[in-house]
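Summary of structural features
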Amino acid sequence: MKKLLFFSVAAITMFIVVGCNQQTLESKLRDEIKEMGYEIIEYEDEVFPFEIRSKEEEYKDISRAIFWEIQEFDISNYEGKTIDYHIFRVAGHPIEKSVNNAESTEIRLGVIDDVIVGGFSSPYKKGETYLGGPATIDGRSLEQLTDMTYIEWFNSWRDKYE
């Protein structure tokens, strides 16, 4: 009987600790979004994990290269780790002004080991799959971030990875 009571208490304690840690992470992410000056409209409960391969492997595919390029962190520091993307839909983001059909902006914050390491933003409209490509969290395009035209960036990428 004592063993059953001990295991019950241990299980409940573990459940509370895990629940509190998740809530703490979500609160941390919400605070980060609010500090950026955006109003949170919605938070997706589902987290999207993504394993980071070596930079050389990730950059061989141009669509992945663009995706990592706008992250503003060097993925080499996280090879072999899993980055979890938490999705927020926000109002008051610069992307909404530049994309006519956008209802709001989707910000995906990337978290590794409970630390926000990066993320990206994109226009959002319910039921629409693609309204525009990824941008930095604050809405800067690949061109703005790299100070190169897309063609210049593409040529540089091709020379290095193809």
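Read on for a plain summary of the structure. The numbers attached to residues start from 1 for each chain and follow its sequence in the written order. With pLDDT at 70 or above as the cut-off, local features in this predicted model cover only qualifying residues; side-chain atom pairs require 80 or more to be listed or tallied, and sums for whole chains, interfaces and linings still use all residues. The side-chain quantities take in all heavy atoms of the structure and omit both hydrogens and water.

**Notes on helix α6 (residues 150–161)**
Helix and strand labels come from DSSP, where a helix needs a run of H or I of at least four residues and a strand needs a run of E of at least two; each type is numbered from the N terminus. The span you would expect from a helix comes to 1.5 Å times its residue count less one. Over its twelve residues, α6 runs 16 Å from end to end, which matches the ideal 16 Å to within 8%, given 1.5 Å per residue. Listed in full, the buried residues belonging to α6 are Trp153, Trp157 and Tyr161. The buried residues of α6 occupy an angular sector of 40° when the element is viewed end-on, so they sit on one face. In α6, the exposed positions that point more than 90 degrees away from the buried face belong to Ile151 and Asp159. Exposure classes here rest on a 1.4 Å probe applied to the protein chains alone. A residue is buried below 20% of its type maximum, exposed above 50%, and partly exposed in between. The directions from the helix axis to the C-beta atoms form the arc being described.

**As for the environment of Glu42**
Checked against the element boundaries, Glu42 lands in strand β1 (residues 39–43). Along the primary structure Glu42 and Arg89 are separated by 47 residues, whereas in three dimensions their C-alpha atoms are 5.1 Å apart. The criterion used for residue contact is that any of the two residues' heavy atoms lie within 4.5 Å. Those residues within four positions of Glu42 in sequence are excluded, and the remaining contacts are Ile87, Phe88 and Arg89.

**Considering the side chain of Glu106**
Structurally, the position occupied by Glu106 is in strand β4 (residues 104–112). N or O atoms within 3.5 Å of each other form a polar contact, as long as, within protein, one can give a hydrogen and the other can take it, and as long as residues adjacent in sequence are counted only when both atoms are side-chain atoms. Among the polar contacts made by the side chain of Glu106, one reaches the side chain of Arg108 at a distance of 3.1 Å.

**Re the nonpolar core**
Core analysis: the biggest nonpolar cluster contains 18 residues, and Tyr59, Trp68 and Ile83 have the highest contact counts within it. Going through the elements one at a time, α3 (62–69), β3 (82–91), β5 (115–124) and α6 are the ones with two or more residues in this core. For this core, the element with the most residues is α3, which contributes four residues. When sequence neighbours within four positions are dropped, the list of residues in contact with Ile83 reads Phe48, Pro49, Phe50, Ile52, Trp68, Phe73, Gly110, Val111, Ile112 and Val117. Counting residues in hydrophobic clusters, the runner-up holds twelve residues, among them Ile40, Val90, Ile107 and Leu109. Here, nonpolar core means buried Ala, Val, Leu, Ile, Met, Phe, Trp, Tyr and Cys residues that are tied together by side-chain atoms lying within 4.5 Å of each other.

**Topic: the layout of surface pockets**
Here a cavity means grid points, on a 1 Å grid over the protein atoms only, where a 1.4 Å probe fits yet cannot get out; a pocket means an open set of points with protein on both sides within 12 Å along at least five of seven lines; lining residues are those with an atom within 4 Å of a point. Grid points are joined across faces, edges and corners, and a volume is the space filled by probe spheres set on the points. One number sums up the size of the largest pocket: a volume of about 270 Å³. Lining the largest pocket are 14 residues, with Glu106, Ser122, Pro123, Thr129 and Gly132 sitting closest to its centre. Residue contributions to the lining of the largest pocket peak at four residues, all from β5. Throughout this entry, Asp, Glu, Lys and Arg are counted as charged residues, while Ala, Val, Leu, Ile, Met, Phe, Trp, Tyr, Cys and Pro are counted as nonpolar. The remaining residues, Gly among them, count as polar. Among the residues forming the lining of the largest pocket, the class breakdown is six nonpolar, four polar and four charged. By volume, the second largest pocket amounts to about 230 Å³. In terms of residue class, the lining of the second largest pocket is built from ten nonpolar, four polar and one charged.

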